[in-house]
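# Inside the fold
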Amino acid sequence: MNFIWAFMLLLGTGYGLLTGRSAQVTEALLDGAADGIALCLTMLGVMALWTGMMEIGERSGLVRRITRRLQPVLRFLFPGIPAGHPSLDYIATNFVANFLGLGWASTPAGLAAMGSLAEINPERDGRASREMCTFLILNISSLQLLPMTMIAYRQQYGSVRPTAIVGPAILATAASTAAAVVFCKWMDRRQRRL
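These lines cover the structure that appears in this document, whether it is placed above or below.

### Notes on the nonpolar core
Judged by nonpolar contacts, the single largest core of 15 residues is most densely connected at Trp50, Met54, Leu102, Trp104 and Ala105. Sorting the residues of this core by element identifies helix H2 (22–60), helix H5 (86–99), helix H6 (103–119) and helix H8 (148–156) as the ones contributing at least two each. A per-element tally of this core places H2 first, with five residues. Sequence-distant contacts of Ala105, that is, excluding residues within four places in its chain, are made with Thr51, Met54 and Ala97. Counting residues in hydrophobic clusters, the runner-up holds 14 residues, among them Phe78, Ile81, Ala113 and Leu138.

The following block contains the structure:
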């Protein structure tokens, strides 16, 4: 992927220079760099805010209460994980953060969940367990109630209604999560038949 991006960047810059547009190329490079820094600072603020909110939720016990309420769903999705195993807490925290559109705040919980799932993986040959695959697929589908990253991007670039994305995001991520659950359960049944 890096080679593709580097090739496109070099091709565009080279074409601009060869066609006598060096001033526009330089201006575009500088404007792009400035926009990138401004966007990074905006996203850093949003990330700090919501990561802090997740930390407050964890310390206050809110995440623990949500995890308990998610137990029936987690038992359905991950029947191979023993009850009370720490990976269920990590998975629940990851799901809650993704649900709130906090992909960056869900990453530490997701990594901890995978590490914890690796400890109970019956496949000792380096293959992922069913639970690991299910978690990865559900994490990628990422059901979101508040797509905070997209709202922040839209606000940064001057959208009149940055939250207009909420409805379509809920529908799209609900569809992708439903498809992920159906696929995981279908694969689980198929594996059991073999």
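So that's the structure; there's more coming.
### What about H8?
All buried positions along H8 are accounted for by Met148, Ile151 and Ala152. Here the buried residues of H8 occupy an arc of 100° about the axis, which is enough to place them on one side. In this structure, the buried side of H8 is in contact with H2 and helix H9 (166–193). Following H8 by one or two positions, Gly158 adopts a phi angle in the positive range, close to 85°.

The rules behind these values
- Residues numbered from 1 in each chain as written.
- Predicted model: local features only at pLDDT ≥ 70, side-chain atom pairs only at ≥ 80, totals over all residues.
- Heavy atoms only, no water.
- Core = buried A, V, L, I, M, F, W, Y, C linked by side-chain atoms within 4.5 Å.
- Buried < 20%, exposed > 50% of the residue type's maximum accessible area, 1.4 Å probe, protein only.
- Helix = DSSP H or I, 4+ residues; strand = E, 2+ residues; numbered from the N terminus.
- Contact = heavy atoms within 4.5 Å.
- Arc of directions from axis to C-beta.

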